[in-house]
Amino acid sequence: MAAWSRIGRGAQQLSLSQSLSRILSEGGAGASHAEAASALRGAAALSRGHAPHASSLHSLASAGLAGQSGGHLLRPPSRGIVTTATRLQPASSSAAAELSDAEATEPEEGTEAPANPPRSPSLAPTRPSEKPRLVVLGTGWAACRLLKDVDTRAYDVVCVSPRNHMVFTPLLASTCVGTLEFRSVVEPVSRIQSALATRPGSYFFLASCTGIDTRAHEVHCAAATSDGMPSDPYHFKIAYDKLVIASGAEPLTFNIKGVKENAIFLREVSHAQEIRRKLLTNLMLSENPGLSEEEKSRLLHCVVVGGGPTGVEFSGELSDFIMRDVRESYAHVKDHVKVTLIEANEILSSFDVGLRQYATNHLSKYGVKLVRGIVKEVKPTEITLSDGTSVPYGLLVWSTGVGPSEFVKSLDVPKSPGGRIGVDEWLRVPSAPDVFALGDCAGFLEHTGKPVLPALAQVAEREGKYLARLLGKVAAQGGSKAHCAGKANLGEPFVYKHIGSMASVGRYKALVDLRENKDASGVSMAGFLSWLMWRSAYLTRVVSWRNRFYVAVNWATTLVFGRDNTRIG
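Since we're looking at a predicted model, the values are computed, not measured.

Conventions used here
Residues numbered from 1 in each chain as written. Predicted model: local features only at pLDDT ≥ 70, side-chain atom pairs only at ≥ 80, totals over all residues. Heavy atoms only, no water. Helix = DSSP H or I, 4+ residues; strand = E, 2+ residues; numbered from the N terminus. Contact = heavy atoms within 4.5 Å. Areas by Shrake-Rupley, 256 points an atom, 1.4 Å probe, with all protein chains shown as cover. Core = buried A, V, L, I, M, F, W, Y, C linked by side-chain atoms within 4.5 Å. Buried < 20%, exposed > 50% of the residue type's maximum accessible area, 1.4 Å probe, protein only. Domains from an automatic or database assignment. Phe/Tyr/Trp six-rings, centres within 6.5 Å; stacked < 30°, edge-to-face > 60°. Pairing = 2+ DSSP bridges. Axes fitted to C-alpha atoms, helices over the stretch in contact; angles between N-to-C directions. Polar contact = N/O pair within 3.5 Å; in protein donor to acceptor, adjacent residues only side chain to side chain. Left-handed = near helix turned anticlockwise from the far one by under 90°. Nonpolar A, V, L, I, M, F, W, Y, C, P; charged D, E, K, R; others polar.

Quick word on the overall build of the protein
When helices and strands are counted, the protein shows 17 helices and 26 strands. Sequence-distant contacts in the protein: of pairs separated by 6 or more residues, those separated by 24 or more amount to 66%. When the accessible area of the protein is evaluated, it comes to approximately 28100 Å², of which 54% is carbon and sulfur surface.

Right under this line is the structure:
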């Protein structure tokens, strides 16, 4: 009886397979909707009977019904997010013969059926009738300026980043000592570009890009956290028409032993929070009984490595905090608190000699010890310099510049000098159609004849503004879809013009250099008036009016009441 049953099911499958092959080969033109629906019901019935390849027949029937109805009947209401199988079943007429052979090896009762193939969530390619999809990797200066200016009438925008906000980095050092609150220097990306939260085809994904398939026009991503997700790690894919890589850079450690394990960088709000907790913890622990004078001095020794604008501004803020707030709130240990700034060459090397000398004299006057040296090794409680000198510390902040991230290094694209993603004069990646790169992760290729631009916020912001205009021109010429921008007129190439540099050195003093370079003529000054210009410029550059209000109120509160020294967390 079982044999007759298998023969009957085999005949049903053979007939159903032939019917499906005719429906699919005709593309729905010669088959009625009723025929396709009947085939779908037959495939579902066989699937309930645990017949092998039943899922294949059901998929073929679904395809026939979708083709007959234009795809609308079976399309899930998921705003473009679908789940695609990682392997495809054969749709040829030979499938019927394979099904008959497979029946001979049908699993017996009690045997577990083969598991379904793994499925990979994805954001499917856009249809011809839909807006092209612009995928942006990152939420730094370049990415956020692009998101702010891009024409969302021409593009659906998808942003992928492990953080959902932009950090106003010039004021980040002020948050470490309580001059500003952390929320004052961050701006949610959904407020920068509201389409990410409101438009049907635009999304923000809290994830990191793990790879790019330029041939398939897909980016592979992993969710930033897998808590509560179906798998760990949770992977998905996004199809793009245009891709912008603005993933930023990572702090340079020069492969010095112990830096990553013991130092704190100053690139993210989480870094500033860690510095603040460590600083306040050491201040309170140093008052505990039984500690030697030597141990107190080590706990309260703050070392900053790197004499660029970030390192100098943090040293100035720290000195200001010690002179004004620590001496009042921690009178028992105030004489043990010290700040040391270590730099291999001159501090603030991008400024002219006069301004560098002013900064050196000012920092030294207010308690910052300047040491010229090269760090050889970092241990949990001390630094070893190349000349053998040991520098004990309680807090170590590392600010020696940035370099290519591991993600950028992994990409199989031409690299510019220094290891960044190589781009041409229009910020395109030459070997990858429809791919652009900008910000700290990108640099001009040598054949362009242009130098690699410095990793500055003003460079990244201007590149983002330029690329938004360029993408608008491409869309206006009908080149916004994948593989369609080859003949578009891109206009003038990107040209960067430096508008100057500013740096605060603490105690209401700052440096302002508004010259294009150190040899050009222009405004170059230091002092209290420069400090007012520094604060005014950054207050106007904060992204939103909400944050401008926060910053102004924080500055006023600190001036009147001093900095908050509450340790939270």
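From this point, things continue past the structure.
Overview of the nonpolar core
Ranked by internal contacts, the top residues of the largest apolar core, which has 122 residues, are Leu171, Ile238, Ile245, Leu266, Phe314 and Ile421. Among the elements that line this core, the one with the most residues is helix H15 (residues 457-476), at 9 residues. When residues of this core are sorted by domain, at least three fall in each of domain 1 (122-251 + 404-484) and domain 2 (264-400 + 499-561). Those residues in contact with Leu266 that lie beyond four places of it in its chain are Leu172, Ala173, Cys176, His271, Ala272, Ile275, Thr310, Phe314, Val397 and Trp398. Core analysis: the second largest hydrophobic core is formed by 15 residues, Ala263, Ile342, Val375 and Val378 among them.

Looking at unusual backbone geometry
The omega torsion across Asp232 and Pro233 is 0 degrees, close enough to zero to call that bond cis. When you line up the elements, Pro233 lands in the loop between strand E8 (218-223) and strand E9 (235-239). Residues other than glycine seldom take positive phi values, yet Asp434 does so here, at roughly 65 degrees. With respect to the helices and strands, Asp434 occurs in the loop between strand E21 (421-423) and strand E22 (435-437). In this structure Asp434 comes out as buried when scored by relative accessible area, which is 11%. Phi at Arg507 is positive, roughly 55 degrees, even though this residue is not glycine.

Focus: the packing of aromatic side chains
Counted by the stated rule, this structure contains 9 aromatic pairs. Where Phe528 meets Trp531, the ring centres are 5.6 Å apart and the plane angle is 25 degrees; that geometry is what we call stacked. Placement of both Phe528 and Trp531 in helix H16 (residues 528-541) is noted, with a separation of 3 residues, approximately one turn of the helix. Residue classification places Phe528 among the partly exposed residues on the basis of a relative accessible area of 46%. Between the aromatic rings of Trp534 and Tyr538, the centroid separation amounts to 5.4 Å while the plane-to-plane angle is 80 degrees, which identifies the pairing as edge-to-face. Separated by 4 residues within a single helix, Trp534 and Tyr538 lie in helix H16, roughly one turn from each other. Residue classification places Tyr538 among the buried positions, given a relative accessible area of 15%. Taken together, the ring pairs connect Trp141, Phe168, Trp534 and Tyr538 into an aromatic cluster.

Regarding the sheet that holds strand E19 (residues 395-398)
A sheet is described by the order of its strands in space; here 5 strands give the open sequence E12-E19-E13-E14-E15, paired in parallel fashion. With partners counted over all chains shown, the strands left at the sheet margins are strand E12 (264-265) and strand E15 (368-372), one partner each. Summarising the sheet, strand E14 (residues 338-343) and E15 pair through 5 bridges and their orientation is parallel. Counted as the bridge partner of Ile342 is Val371 from E15. Its contacts with the sheet put helix H13 (residues 353-365) on E14 and E15, and the angle it makes with E15 is roughly 130 degrees.

Points about the side chain of Lys242
If you trace the backbone, Lys242 turns up in strand E10 (residues 242-245). At a separation of 3.0 Å, a polar atom in the side chain of Lys242 contacts the main-chain carbonyl oxygen of Gly479. Separated by 3.2 Å, the side chain of Lys242 and the backbone oxygen of Ser480 make a polar contact.

Regarding the packing of helix H5 (residues 141-149) against H15
Packing of H5 against H15 leaves a shortest axis separation of 7 Å and a crossing angle of 35 degrees. The interaxial crossing formed by H5 with H15 has right-handed handedness. Residue-level inspection shows Trp141, Ala142, Arg145, Leu146 and Asp149 of H5 in contact with H15, the latter providing Ala457, Ala460, Glu461, Gly464, Lys465, Leu467, Ala468 and Leu471. Of the residues belonging to the contact of H5 with H15, the class tally is 8 nonpolar, 1 polar and 4 charged.

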